[in-house]
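Here is what each chain is made of, one letter per residue.
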Amino acid sequence: RKEVEQDPGPFNVPEGATVAFNCTYSNSASQSFFWYRQDCRKEPKLLMSVYSSGNEDGRFTAQLNRASQYISLLIRDSKLSDSATYLCAAQDNYGQNFVFGPGTRLSVLP
Amino acid sequence: NAGVTQTPKFRVLKTGQSMTLLCAQDMNHEYMYWYRQDPGMGLRLIHYSVGEGTTAKGEVPDGYNVSRLKKQNFLLGLESAAPSQTSVYFCASSYSPTGGLDDTGELFFGEGSRLTVL
């Protein structure tokens, strides 16, 4: 079983829709979690850190559920520019690295 | 502020050839990483370094070697390239993976190096 798993999608949604992604992790000792955004043929860039209390940044909300060992990303009022691959990352067993999921591809359609 | 710079950005090799990818960061970060990204596989860690003069194996280290002689540079070497090493390679750096008072633990990535082994 992979340490971090995501539904690869693609998720095809109309502009203005709300879309949610989940990411599950297997290391119950993981402390830090992140969502990264990766555009086609570009490097990943940090979208949001995921805190225990959850956090919100404009149209984006990230949540952490430690009991079920998953993190989520909610995007409200989707824009065409939100089309990208979203990678989740969890701190690994040794506390020195992050393990990435395979990414979820989102396409926002006009 | 250049951030993380990788060279070269593109390279085509023949099986058995050797090459070195260079990663340089100007953020005074302690931690540096080399990942490879393949379709459907996500980012997989090859090697990493927690400071100058240190290196450690990641998830997929076979066929690669690394060196961190200077804090700002992290080199990834392929001694005898194989077609299975065709991939996009990303270097990343962070102050520390768990973050501190002024640090989120964020990974900063280079633009990637596309390597094709024929």
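Computed from a prediction, not measured in an experiment: that's the story for all the values here.

## Details of the layout of surface pockets
No. 1: Put simply, the largest pocket is a space of about 540 Å³.
No. 2: What lines the largest pocket is a set of 22 residues, among which Q38(A), T85(A), Q37(B), P39(B) and G40(B) lie closest to the centre.
No. 3: In terms of residue count, the dominant contributor to the lining of the largest pocket is strand β9 (residues 87-94) of chain B (three residues).
No. 4: Classifying every residue of the lining of the largest pocket gives seven nonpolar, nine polar and six charged.
No. 5: When its volume is computed, the second largest pocket comes out at roughly 360 Å³.
No. 6: The set of elements that each furnish at least two residues to the lining of the second largest pocket consists of β10 (98-100) of chain A together with β5 (42-49) of chain B.

## What to know about empty space enclosed by the protein
Residue and element names in this part refer to chain A.
No. 1: With the rule as written, the count across this model stands at one cavity of 30 Å³ or more.
No. 2: Reported here for the largest cavity is a volume of approximately 30 Å³.
No. 3: Lining the largest cavity, in full, are E3, V4, Y25, S26, N27, S30, A90, Q91 and V99.
No. 4: Of the residues belonging to the lining of the largest cavity, the class tally is four nonpolar, four polar and one charged.

## Regarding the interface of chain A and chain B
No. 1: With 19 residues of chain A in contact, the opposing surface of chain B contributes 22 residues.
No. 2: When the buried surface of chain A facing chain B is broken down by residue, Q96(A), F98(A) and F100(A) rank first, second and third, together holding 29% of it.
No. 3: Counting across the chain A and chain B interface gives zero salt bridges.
No. 4: Viewed at the interface, chain B and chain A are joined by three residue pairs in polar contact (both at pLDDT 80 or more).
No. 5: At the level of secondary structure, the elements contributing two or more residues to the side of chain A that touches chain B comprise β4 (33-38), β5 (45-50), β9 (84-91) and β10 of chain A.

## Remarks on the sheet that holds strand β3 (residues 19-25) of chain A
Residue and element names in this part refer to chain A.
No. 1: A sheet is described by the order of its strands in space; here five strands give the open sequence β1-β3-β8-β7-β6, paired in antiparallel fashion. Taken across any chain shown, the strands that pair with only one partner, and hence form the sheet edges, are β1 (4-6) and β6 (55-57). With direction set aside, neighbouring strand axes in the sheet form an average angle of 20°.
No. 2: For strand β7 (residues 60-65) and strand β8 (residues 70-75), the ladder comprises six bridges, and the chain directions are antiparallel. Its bridge partner lying in β8, A62 is registered against L73.

## What about the sheet that holds strand β7 (residues 64-67) of chain B?
Residue and element names in this part refer to chain B.
No. 1: If you trace the four strands from one edge of the open sheet to the other, you get β1-β3-β8-β7, paired in antiparallel fashion. Strands at the two margins of the open sheet, each flanked by one partner only, are β1 (4-7) and β7. Averaged over all pairs of adjacent strands, the angle between strand axes in this sheet comes to 20°, irrespective of strand direction.
No. 2: Judged from the four bridges that link them, β7 and strand β8 (residues 73-78) form a sheet pairing that is antiparallel. Within β8, the position partnered with V66 by the bridge is L76.

## Digging into unusual backbone geometry
No. 1: Of the consecutive residues G9(A) and P10(A), the connecting peptide bond is found in the cis state with omega at 10°.
No. 2: That bond from T7(B) to P8(B) is cis: its omega, -5°, falls within 30 degrees of zero.
No. 3: Looking at the element boundaries, P8(B) is found in the loop between β1 and β2 (10-13).
No. 4: One non-glycine residue, R41(A), adopts positive backbone phi at about 65°.
No. 5: Its place among the elements puts R41(A) in the loop between β4 and β5.
No. 6: Taking the relative accessible area as the measure of exposure, R41(A) reaches 59% and is therefore exposed.
No. 7: Residues other than glycine seldom take positive phi values, yet Q69(A) does so here, at roughly 55°.
No. 8: If you trace the backbone, Q69(A) turns up in the loop between β7 and β8.

Rules used in this analysis
Residues numbered from 1 in each chain as written. Chains lettered and ligands numbered in written order. Predicted model: local features only at pLDDT ≥ 70, side-chain atom pairs only at ≥ 80, totals over all residues. Heavy atoms only, no water. 1 Å grid on protein atoms, 1.4 Å probe; cavity = no way out; pocket = protein on both sides within 12 Å on 5 of 7 lines; lining within 4 Å. Points joined across faces, edges and corners; volume = space filled by probe spheres on them. Helix = DSSP H or I, 4+ residues; strand = E, 2+ residues; numbered from the N terminus. Nonpolar A, V, L, I, M, F, W, Y, C, P; charged D, E, K, R; others polar. Contact = heavy atoms within 4.5 Å. Buried area = accessible area lost by both parts, 1.4 Å probe. Salt bridge = Lys/Arg side-chain N within 4 Å of Asp/Glu carboxyl O. Polar contact = N/O pair within 3.5 Å; in protein donor to acceptor, adjacent residues only side chain to side chain. Pairing = 2+ DSSP bridges. Axes fitted to C-alpha atoms, helices over the stretch in contact; angles between N-to-C directions. Buried < 20%, exposed > 50% of the residue type's maximum accessible area, 1.4 Å probe, protein only.

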